[in-house]
There are 2 protein chains.
Amino acid sequence: SVDRTPFHTEYVQAKTRDNPRLKSEIRLLKRFMKAQKVYGAEEKTRGFSGYLVEVLTIHYGSFLKVLEAAKDWSVGYALDPENLWGDEKSLKYYFTKSAIIVVDPVDKNRNMGAAVSRQKLAEFIIASREFLENPSIEFFFPPKKQGRPVEELKRLLGVRGTYFIAFKFSHPQLNENLLYSQLRKTMASIEKSFEDREFRVFRPSFWSNEADTSVILFEMTVHELPKIKHHPGPPVNSEPVHQERFHEKYEKDGPYILEGRWVVDTERKNTRVRQVAEKLEKTRDGFGKNLRKARVEILEGDEIFSIEHADFLMHLDGIL
Amino acid sequence: SVDRTPFHTEYVQAKTRDNPRLKSEIRLLKRFMKAQKVYGAEEKTRGFSGYLVEVLTIHYGSFLKVLEAAKDWSVGYALDPENLWGDEKSLKYYFTKSAIIVVDPVDKNRNMGAAVSRQKLAEFIIASREFLENPSIEFFFPPKKQGRPVEELKRLLGVRGTYFIAFKFSHPQLNENLLYSQLRKTMASIEKSFEDREFRVFRPSFWSNEADTSVILFEMTVHELPKIKHHPGPPVNSEPVHQERFHEKYEKDGPYILEGRWVVDTERKNTRVRQVAEKLEKTRDGFGKNLRKARVEILEGDEIFSIEHADFLMHLDGIL
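Everything quoted here is computed from the prediction, not taken from an experiment.

A tally of helices and strands in chain A yields 12 helices and 10 strands. Taking 320 residues into account, the globule formula puts the C-alpha radius of gyration at 20 Å, and chain A, at 25 Å, lies well above it. With the C-alpha coordinates aligned to their principal axes, the bounding extent of chain A is approximately 85 × 55 × 40 Å. In chain A, the proportion of contacts linking residues at least 24 apart, taken out of those at least 6 apart, comes to 66%. When the accessible surface of chain A is totalled, it reaches about 15900 Å², and 49% of it is carbon and sulfur.

What follows is the structure in structure tokens.
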């Protein structure tokens, strides 16, 4: 990967030369992590890089010993394999906001765990515990999931009673890191636009064929709202002058006090989440740079099955 | 009122004997407060008691001077008319949680403002400001509001697009303070039951004919939810042992990580708020003592118009 310098290669080679068995232990851990979907530091996964796996195996000595250590990790765990800082407690003040800190053996100012998300760290910890308790070959080679037929997926979607809305992007081939980072950012931004307007997202997700089609999908708890909403005013314990100003401005709407603040009832412009989605499709507010330029189609309910990529249906299958 | 002792009467008499004009100033302030619906310390109003009005007028010297002072009050305002504490700043540490503190001139340990709610204080402050800016007789004698016809109310209810659900209580005559305090408490408890289950209340209110019929009314933003909900598990930064336990228990439901915590999708028992209301009607969980024993009828949508008391329709009129 781009982040691996000749110093890194040299470090790993020196260590594995001393102890050749390490090479197969490293392969084992990589296979395990791949199967558990936590392998890879790129944007798509935000998991463990190849170099990080190598350093962990070298430090702990074997695949099993890494797992035995990992089972007691938690968010914020710090490791300094070559003891370059002399004090692991202070690391968290230097490498802030990281889910896990593993000091690079050849560069004390670099955290090899910087790319690992809290989610992937948690998934690896749980997988380690489960493997140690009940080891089996399936942790390395999970049984290929059989996709359920489309008709069954449609039925399940109906049973859940939720509402699905999707942004389908058609775009030229994009750098994969760029693509996934923009999908993540755009998903978060759209979710915020929905929630700010009192719609409620049940589960957001994204998918891409990594060529020309990407989807940001929202399963919604609340997708329809009444024609009115609260326009919130100042709290009753704020400066009286603010309260009076609100009163004057909205006198005709009949201000009243709700949970300690003045409010008036006002018209809600968008009563369906689809209207908000269509507005965003026009303005592209909060969209990643390349997704701004993509062609966007908004799909709701059963319409999402018009995205016929088998891999997207597997994505949907995992949600339903 | 029950709270007024001979010492209070004596204090007010002595002060008004010195300055007879005060009596009409007091009457003016009471009339103003009644019209602004902030007069009365009882549970129904939670406003200013008669004695408090008298002490305020005596202290400031006239109706107008009370309003001129009140326009700059805010929540937490403290007044010690006879300077019994010598230090008004420390009062808020003694009389905590009060919207306003007015030390009783004949008992330094009593706050005459204890019954005043933040809401009624705010309403009085705003009314004072508005009167001073634009004085008129209507502040003392507000024009009698003409109720709109039932058909118009039904139309408005439809236009709002909200959903109304009411608990109609049939009960024997109750002490008024008891009745209103139980209506308030029961309303808050039902609202919490709704919101805990992800339903959303737009505006709660209560009404009573103070004889045999009371109503707790909820206008809802969200009254229907999907067949599934999240069952939340431990956060990803909690002890791994908790995370693993959740995983083992819900393995078949496919745990996943959402906003930093493990969740599984699980069936929602009550998809409509009416089902929750009916459950509460049976269990009476969180109901005031006397309302537990009352006969309860649950009404939704247009059914609330079967409550034909003219005063209830005025209550509804004020909401729509």
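Residue and element names in this part refer to chain B. In terms of residue burial, strand S4 (residues 163–170) counts as a mostly covered element, since 7 of its 8 residues are buried. With 8 bridges joining them, S4 and strand S6 (residues 213–222) adopt antiparallel strand pairing. Along S6, the bridge assignment pairs Lys-168 with Val-215. Relative to strand S10 (residues 295–300), S4 is paired through 6 bridges, and the arrangement is antiparallel. From the neighbouring strand, Phe-169 faces S10, where its bridge partner is Val-296.

What follows covers the relation of the copies chain B and chain A. After a rotation of 180° and a shift along the axis of 0.0 Å, chain B superposes on chain A with an RMSD of 0.0 Å. The superposition operator between the copies reduces to a two-fold rotation axis. Nearest to the rotation axis, the C-alpha of B:Val222 is located 3.8 Å from it, this being the minimum over chain B. Comparing interface residues between copies, 100% of those in chain B also lie at the interface in chain A; the contact surface is shared.

All names here are of chain B. Looking at the element boundaries, Ser-90 is found in the loop between strand S1 (77–79) and helix H5 (91–94). According to the relative accessible area criterion, Ser-90 is partly exposed, its value standing at 28%. The spatial distance from the C-alpha of Ser-90 to the C-alpha of Glu-176 is 35 Å, given a sequence separation of 86 residues. Within the local environment of Ser-90, its side chain forms a polar contact with the backbone oxygen of Asp-87, the two atoms lying 3.1 Å apart.

When the domains of chain A are assigned, the result is domain 1 (6–139), domain 2 (150–225 + 270–319) and domain 3 (228–267). For domain 2 of chain A and domain 3 of chain A, the distance between their C-alpha centres works out to 36 Å.

What follows covers unusual backbone geometry. One non-glycine residue, A:Asn83, lies in positive phi territory at about 50°. Mapped onto the elements, A:Asn83 comes out in the loop between strand S1 (77–79) and helix H5 (91–94).

With 53 residues of chain B at the contact, the number on the chain A side is 53 residues. Of the roughly 4000 Å² buried where chain B meets chain A, counting both sides, 59% is carbon and sulfur surface. Inspection of the region where chain B meets chain A yields 6 salt bridges. Of the charged contacts in the structure, one is a salt bridge between A:Arg129 and B:Glu244, with a shortest N-O distance of 2.8 Å.

Our next topic: the pattern of salt bridges. Following the criterion strictly, the structure yields 47 salt bridges over all chains and no others. In this structure, A:Lys71 and A:Asp72 form a salt bridge, with 3.7 Å as the shortest nitrogen-oxygen distance. Across the salt bridge formed by B:Asp196 and B:Lys192, the nearest N and O atoms sit 2.8 Å from each other. With B:Asp196 and B:Lys192 both in helix H8 (residues 176–196) and 4 residues apart, the pair spans about one turn of that helix.

Attention now moves to helix H7 (residues 150–160) of chain B. Within H7(B), burial applies to B:Leu153, B:Leu156, B:Leu157 and B:Arg160. Seen along its axis, H7(B) keeps its buried residues to an arc of 100°; they face one direction. Of the residues in H7(B), the exposed ones pointing more than 90 degrees away from the buried face are B:Glu151 and B:Gly158. On the buried face of H7(B), the contacting elements are strand S7 (228–235) and strand S9 (261–267) of chain A together with S4, strand S5 (200–208), S6 and helix H12 (310–319) of chain B.

Calculation rules
- Residues numbered from 1 in each chain as written.
- Chains lettered and ligands numbered in written order.
- Predicted model: local features only at pLDDT ≥ 70, side-chain atom pairs only at ≥ 80, totals over all residues.
- Heavy atoms only, no water.
- Helix = DSSP H or I, 4+ residues; strand = E, 2+ residues; numbered from the N terminus.
- Rg over C-alpha atoms; globule rule 2.2 N^0.38 Å.
- Contact = heavy atoms within 4.5 Å.
- Areas by Shrake-Rupley, 256 points an atom, 1.4 Å probe, with all protein chains shown as cover.
- Buried < 20%, exposed > 50% of the residue type's maximum accessible area, 1.4 Å probe, protein only.
- Pairing = 2+ DSSP bridges.
- Least-squares fit on C-alpha atoms with pLDDT ≥ 70 in both.
- Polar contact = N/O pair within 3.5 Å; in protein donor to acceptor, adjacent residues only side chain to side chain.
- Domains from an automatic or database assignment.
- Buried area = accessible area lost by both parts, 1.4 Å probe.
- Salt bridge = Lys/Arg side-chain N within 4 Å of Asp/Glu carboxyl O.
- Arc of directions from axis to C-beta.

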